[in-house]
Amino acid sequence: MPLETPPRAESFRELPEITVASDTRDYLAHAAKQALKYDDYELIVDIDAHLQEGGFWGEIIGLLENDVLKQTAEEMMRGRGGMPLINMQPGMSFQSLAGRVPHQSGPTEPTDDPAKAGHRFVQIVRRTIDTMGLDYQVIFPTSMLHLGMNPMEDIEIYLARAYCRWLTEIILPQDKRIIALAYLPFNTPSECEKLVKQYGDNPQIVGFTVCAVRHKPVHANQYMRLYSMIEETGKPLVFHAGPHWDDPSFTQLNRFISMHALSFVHYNLIHMTNWVINALPERFPKLKTVWVESGLAWIPFLMQRLDHEVMMRQSEAPGLKRLPSDYMREMYYSSQPMERQNLALLEATFKAMNAETQLLYSSDWPHWDFDPPSSVTTLPFLSDQAKRNILGLNAARVFNLPVKRLRPRAAEVLAREAERHR
Amino acid sequence: MPDVIVGKASDFKDPGRKVVDISGTEIGVFRLGDDFFAYHNICPHLDGPACQGKILPCATEDVQADRTSAGRVYSKTQTNVICPWHGFEFDIRTGRHPTDASVRLRPVPVKVLNGDVLVSVPNRS
Ligand code: FES
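Since this is a predicted model, take the numbers as computed values, not measurements.

Asker: Explanation requested: the overall build of chain B in the structure shown.
Answerer: Summing up its helical and strand segments, chain B has zero helices and nine strands in all. Secondary structure of chain B in N-to-C order comes out as β-β-β-β-β-β-β-β-β. Once the C-alpha set of chain B is aligned to its principal axes, its extents read approximately 55 × 30 × 20 Å. Counting the 125 residues in chain B, one finds 50% classified as buried. For chain B, the share of sequence-separated contacts (at least 6 apart) that also reach a separation of at least 24 residues comes to 49%. Accessible area for chain B stands at about 6000 Å²; split by element, carbon and sulfur atoms hold 48% of it. Positive and negative charge centroids in chain B, built from 15 and 15 side chains respectively, lie 2 Å apart.

Asker: It is not clear to me how the pattern of salt bridges should be interpreted in this structure. Could you clarify?
Answerer: Oppositely charged side chains may form a pair once their charged atoms are brought near each other. Residues and elements named next belong to chain A. Enumeration according to the criterion identifies 37 salt bridges over all chains in this entry. Between Asp175 and Arg126 there is a salt bridge, and its shortest N-O distance comes to 2.6 Å. With a gap of 49 residues between them, Asp175 in the loop between helix H7 (153–171) and strand E4 (178–183) and Arg126 in helix H6 (residues 120–132) connect regions that are remote in the sequence. Take Asp175: its relative accessible area is 12%, and that puts it in the buried class. Among the residues examined, Arg126 registers a relative accessible area of 27% and is labelled partly exposed. For the salt bridge of Arg177 with Asp130, the shortest nitrogen-to-oxygen distance reads 2.9 Å. Of this pair, Arg177 sits in the loop between H7 and E4 while Asp130 sits in helix H6, placing them 47 residues apart in sequence. The class of Arg177 is buried, set by a relative accessible area of 10%. Three or more residues joined by partner-sharing salt bridges are found here, namely Asp23, Arg25, Asp26, Glu109, Arg127, Glu417 and Arg420.

Asker: Any chance you could explain helix H18 (residues 410–420) of chain A here in plain terms?
Answerer: Since the α-helix advances by 3.6 residues per turn, residues separated by three or four positions end up pointing in the same direction. Residue and element names in this part refer to chain A. Taken together, the buried positions of H18 are occupied by Ala410, Val413 and Glu417. Considered in projection along H18, the buried side chains sweep an arc of 60 degrees and stay on one side of the axis. Buried positions along H18 lie against helix H1 (24–27), helix H2 (29–34) and H6.

Asker: Help me understand the packing of aromatic side chains in this model?
Answerer: Any pair of aromatic rings gets described here by the distance separating the centres and the angle formed by the planes. All names here are of chain A. Enumeration over the complete set of coordinates arrives at 21 aromatic pairs over all chains. Among the aromatic residues, those joined into a ring-pair cluster are Phe186, Tyr223, Tyr227, Phe239, Trp275, Phe284, Trp291, Trp298 and Tyr333. The aromatic ring of Tyr327 is capped on one face by Arg322, whose charged end is 4.6 Å from the ring centroid.

Cut-offs applied
Residues numbered from 1 in each chain as written. Chains lettered and ligands numbered in written order. Predicted model: local features only at pLDDT ≥ 70, side-chain atom pairs only at ≥ 80, totals over all residues. Heavy atoms only, no water. Helix = DSSP H or I, 4+ residues; strand = E, 2+ residues; numbered from the N terminus. Buried < 20%, exposed > 50% of the residue type's maximum accessible area, 1.4 Å probe, protein only. Contact = heavy atoms within 4.5 Å. Areas by Shrake-Rupley, 256 points an atom, 1.4 Å probe, with all protein chains shown as cover. Lys, Arg positive; Asp, Glu negative; His and termini not counted. Charge placed at Lys NZ, Arg CZ, Asp CG, Glu CD. Salt bridge = Lys/Arg side-chain N within 4 Å of Asp/Glu carboxyl O. Arc of directions from axis to C-beta. Phe/Tyr/Trp six-rings, centres within 6.5 Å; stacked < 30°, edge-to-face > 60°. Lys NZ or Arg CZ within 6 Å of the ring centre and 35° of its normal.

Limitation: the analysis is restricted to geometry and does not speak to function.
This is the structure in structure tokens:
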């Protein structure tokens, strides 16, 4: 029967295409609904999210404490823009899947006047953490993840310092829900020690990170004093994985997906193997280590592989008093990117690594393969307590955070959003 | 709830779409030629806003008769909508993922009547 008047819905709103210019709150609107499901959880901590520092590079460059590098970088920025001093090939950045996953290429969304609403990055992080329902978010850099391969060591040193200053002098004081790690210029151990001294007491610097894409053996004697110093702070040492297509083996891989799938695991496989076989957990029993952004499937693989070989070749790993898997089970791991295609294998992985006490939720937002908290809450084999631990209580232990709600109620966030769209 | 008009058929680009929130139910309506398709705006992966993503032809591998590859080319017949959260692609005609057809968008009945595009909004439980 022909309709004479349009049927009326109680409410009707058109939703726009999501693009690189979309407001984070619109992008993550579905996550805000998901947050209702874990609204009563004590604490939600995202232990790995990213600054896309390209949009703020001028500010970081401005804090370089080396005149030559600073003038060089400023001159390069004036000429071509981009990110001077960063050793990444911009033409090979396929992360956004040719625009299919636009959040990887941002942020380009408008923000309010920084004089009233705070630094642009702070405003964007607030949008993210309120929408996803997070109490704290730990910030890592993006392009700087490659600095370990920069042949100019002084660049890593001075950029590490400038980045730490930008965080601690400009960003972190504006919101206590934003926390971060000091970047360790790991190619120069003495400089790492200076940064540990400088930031060991800063409450918003909750640990120290080694960007794992590098060819430096973590068991080298030159790092032992650094590890002792970090152990004394009570803060964790965090190995953050990354991509690196130029590694000779990876140059055989013809697609970004192939390199990405292997590279993020590769460097942490190597560092973990050196860490365990050289028995560093025996030398630094109180040092908490966290392995970030390699997914989870590599953990049971390496446990089985190393356990198998150590039983036959004890003389090559004489510092070990237990099996490698026993040490690995006492370390901490971030959850993203969680391989969820085969839940039976994932459940076995959770068991192998004692995920209930060792796994830390991470989003990796705004990167293309981010995981919202629902990646954990929807796992059918986890108990409610395990979900609470993984989403925040484990992180509170590792990063020494108070278990105290800072996030708004999910219903309040949804009401605010409805109002914004009215 | 009765059928709800989401717009004039002639207002849709080809290929094109409109995503609407009707009293809390989000539905993506797509046009390909003379055909219309509608799906819930909820990705089977992690509930992302699948219908609000980019629309592109499906990428295919151009395998030759001698089994060599001439590289990747865009399909001339299949158009996908791509979830902007992580890139899952769905054939707009079937709602199914090109690699794993069991992963699919949830369809919504859609029809064109007197030039209007109508969707049947399911009752929310
Ligand atoms: S939620 Fe759609 S691709 Fe992940």
